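Listed below, chain by chain, are the residues.
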Amino acid sequence: MRNIGRTVQSSIYRDGVFGHRPAVPTDPDALAEAARRRMTRTGWSYVAGGAGAQRTVDANREAFGRYRIVPRQMVDVGERTLATTLLGRNLPAPVLFGPVGALELAVQHQRSRGGRAAAPRNAEPALARAARDLGLPVVISSQASTPMEDTAAVLGDSPRWFQLYWSSDDAVVESFVTRAEASGCDAVVVTLDTHVLGWRTRDLDLGYLPFARGEGIAQYLSDPEFHKLVAARVGTAGDDAAREDAGSNRPTLAAVRALLSMARHHPGSTWRNLREPYARAAVETFLDVFSRSTLTWADLAWLRHRTTLPILVKGIQHPDDAVAALDHGADGIIVSNHGGRQVDNAIASLDALAPVVDAVRRHARTDASSGNGARPGPAAPVLFDSGIRTGADAFTALALGADAVLLGRPWVYGLALAGADGVRAVTEHILAELDITMALAGVSSTEQIGRHNLAL
């Protein structure tokens, strides 16, 4: 992507001559507000909300204001490129689409269309089309609304990673990883910080969890090992237990809608799923096996022996955790606090970035000089997410040492507003501002970005 800033900017201004304004706002606050108006209250609360009093969400945003970019003058930046290399693959920019669960909430839960705008499986394919056009990697979520195989088919040759929530059932974990390999994923991203669900007050006050309605569990509903667990549950519980449980509460309209949602999401005929116990049993089974709080660093060795793909760990906020991850087989680090969704009043992810980068680089130097057989070469890649809303934000994270950044909520807002076109527009806006920021900071390639570009 050479000089993309001028290309995108000129296109917008040219359209403006004819009275056309961007369908997807370029201002991050206007983008979020437009998406809020489009989405239902439950969908918006799930996507935009964070933990507790939302202090970590706010901290992520405010942290970027503490790292000021220093403009530089009289530097030849007439030709600029965002290109980079990550895990051996050449990419047009150091940007990935981060994993977002229950993505159907952006395309299906919409006020202007009676609350149901598109089929659940339309979400990830729209993202995949935009990512394919841009050549940027998608990190496919364990909590997707579309099976990974279907998303991979739309991506074609475009890069993709797989984000793994470590289930309490090892067979399901191994099956997910095997499917990710078969789907052409370049890496496995293990999310560490969601072994219990954060105290998400906006969802709690609405009594709303998408997975309890069958939303966002397509990876499980399409998995053979998970099907075995569901079948065993149905066989053990029996119809009598299901009827007894159903009779413990008086039926309500909300309960009927939830049951209908489960039936619609489960494979097969909706009518058949309403008459049989499997759809509801699948949701209950998912809620039982979703995550595991007994994991330790030693468990990474188990995963390392089950895949040849690079393993990155996501959710790192402390330098010691980064070093421990690398010592136990991780190939890369993603500094993240889950967009402020897990711990309220936690450290801003950006404030954790530089210390983690420094620890990873020290670890690489120590390994190289120890003679202990550790693999030679550069430090493991360090990626960053949580709070990236603009190209200037991306520049700041790269300057603090990130090798690439993951985008989250902004592209989801674009998806809600205009599907694949919206995702592409939001991403192009961020890339354009990153390119322009590089030019004004006297930088012509992402490799040149460093802490010298910040007033520290």
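Only a predicted model underlies this, so the values are computations on that prediction, with no experimental measurement involved.

Reading guide: rules and limits
- Residues numbered from 1 in each chain as written.
- Predicted model: local features only at pLDDT ≥ 70, side-chain atom pairs only at ≥ 80, totals over all residues.
- Heavy atoms only, no water.
- Helix = DSSP H or I, 4+ residues; strand = E, 2+ residues; numbered from the N terminus.
- Areas by Shrake-Rupley, 256 points an atom, 1.4 Å probe, with all protein chains shown as cover.
- Lys, Arg positive; Asp, Glu negative; His and termini not counted.
- Charge placed at Lys NZ, Arg CZ, Asp CG, Glu CD.
- Axes fitted to C-alpha atoms, helices over the stretch in contact; angles between N-to-C directions.
- Parallel < 35°, antiparallel > 145°, perpendicular 65-115°, else oblique.
- Left-handed = near helix turned anticlockwise from the far one by under 90°.
- Contact = heavy atoms within 4.5 Å.
- Nonpolar A, V, L, I, M, F, W, Y, C, P; charged D, E, K, R; others polar.
- Buried < 20%, exposed > 50% of the residue type's maximum accessible area, 1.4 Å probe, protein only.
- Pairing = 2+ DSSP bridges.
- Salt bridge = Lys/Arg side-chain N within 4 Å of Asp/Glu carboxyl O.
- Patch = residues over 30% accessible without salt bridge, like charges linked within 9 Å, V, L, I, M, F, W, Y side chains within 5 Å.
- pLDDT = per-residue confidence, 0-100.
- Core = buried A, V, L, I, M, F, W, Y, C linked by side-chain atoms within 4.5 Å.

Novice: It is not clear to me how the overall build of the chain should be interpreted in this structure. Could you clarify?
Specialist: Along the chain, the regular secondary structure elements total 19 helices and twelve strands. In terms of principal-axis extent, the alpha carbons of the chain reach across some 80 × 65 × 40 Å. A total accessible area of about 20100 Å² is found for the chain, and carbon and sulfur atoms account for 52% of it. Side chains of the chain carry 48 positive and 49 negative charges; the gap between the two charge centres is 6 Å.

Novice: Got a minute to help me understand the packing of helix 18 (residues 391-399) against helix 19 (residues 409-440) in this structure?
Specialist: With their axes 7 Å apart at the nearest point, helix 18 and helix 19 run at an angle of 60° to one another. Relative to helix 19, the element helix 18 is oriented oblique. Seen along the crossing, helix 18 lies across helix 19 with a hand that is right-handed. Two secondary-structure elements touch here, helix 18 through G391, A392, A394, F395 and L398 and helix 19 through I430, E433, L434, T437 and M438. Grouping the constituent residues of the contact of helix 18 with helix 19 by class yields seven nonpolar, two polar and one charged.

Novice: Any chance you could explain the pairing of strand 9 (residues 332-335) here in plain terms?
Specialist: Within a regular beta strand, the side chains point alternately toward one face of the sheet and then the other, so they alternate between its two faces. Side chains G332 and I334 project from strand 9 onto one buried face, and the interleaved I333 and V335 project onto a second face that is buried too. Sheet topology places strand 8 (residues 311-316) next to strand 9; four bridges connect them, and they run parallel. For V313, the partnering residue across the bridge sits in strand 9 and is I333. The pairing of strand 9 with strand 10 (residues 382-384) spans three bridges and is parallel. Residue I333 lies in a different strand from strand 10, and its bridge partner there is V382.

Novice: Just checking my understanding: could you explain the pattern of salt bridges for this structure?
Specialist: Opposite charge on two side chains permits pairing when their charged atoms draw close. Applying the stated criterion across every chain, the model contains 22 salt bridges. The closest approach of N and O atoms between R179 and D223, which form a salt bridge, is 3.1 Å. With R179 in helix 8 (residues 170-182) and D223 in the loop between helix 10 (218-221) and helix 11 (224-246), the pair connects residues that are 44 residues apart, well separated along the chain. Between R272 and E276 there is a salt bridge; the shortest N-O distance is 3.8 Å. By relative accessible area, R272 is classed as partly exposed at 34%.

Novice: In this structure, what is going on with the pairing of strand 6 (residues 160-164)? I would like to understand it.
Specialist: Of all five residues that make up strand 6, five are buried, and the element is covered over most of its length. Along strand 6, one buried face is formed by R160, F162 and L164 and the opposite face, lined by W161 and Q163, is buried too. In this structure, strand 5 (residues 138-140) lies alongside strand 6, joined through three bridges in parallel fashion. Looking at strand 6, one finds that V139 is bridged to W161.

Novice: Whenever I open this one, a nonpolar patch on the surface confuses me. Can you help?
Specialist: On the surface, a cluster of nonpolar side chains totalling about 310 Å² of accessible area is made up of L259, W271 and L274. The residue W271 is located in helix 13 (residues 270-275) in this model.

Novice: How do you make sense of the environment of D193 when you look at a structure like this?
Specialist: For D193, the location among the structural elements is in the loop between strand 7 (188-191) and helix 9 (201-206). Along the sequence, D193 and L312 sit 119 residues apart, while their C-alpha atoms lie 13 Å from each other.

Novice: Would you explain the confidence of the model for the chain in this entry?
Specialist: Note: predicted coordinates in regions of low pLDDT should not be interpreted at a detailed level. Per-residue pLDDT for the chain averages 92, and the proportion of residues at 70 or more is 92%. This model gives residues 113-118 a pLDDT under 50, and the stretch forms 14 contacts once residues within four places in sequence are excluded.

Novice: Would you explain the nonpolar core in this entry?
Specialist: Note that soluble globular proteins tend to have their nonpolar side chains buried in a common cluster. Ranked by size, the top nonpolar core spans 118 residues in total, and within it I333, L353 and W411 carry the most contacts. Counting residues per element, this core draws most heavily on helix 19, which supplies 15 residues. Residue contacts for I333: discarding those within four places in its chain leaves L312, V313, I316, A322, A325, L326, V356, V360, P381, V382 and L383. Counting residues in each nonpolar core, the second largest holds twelve residues, with A187, V189, I334 and L406 among its members.

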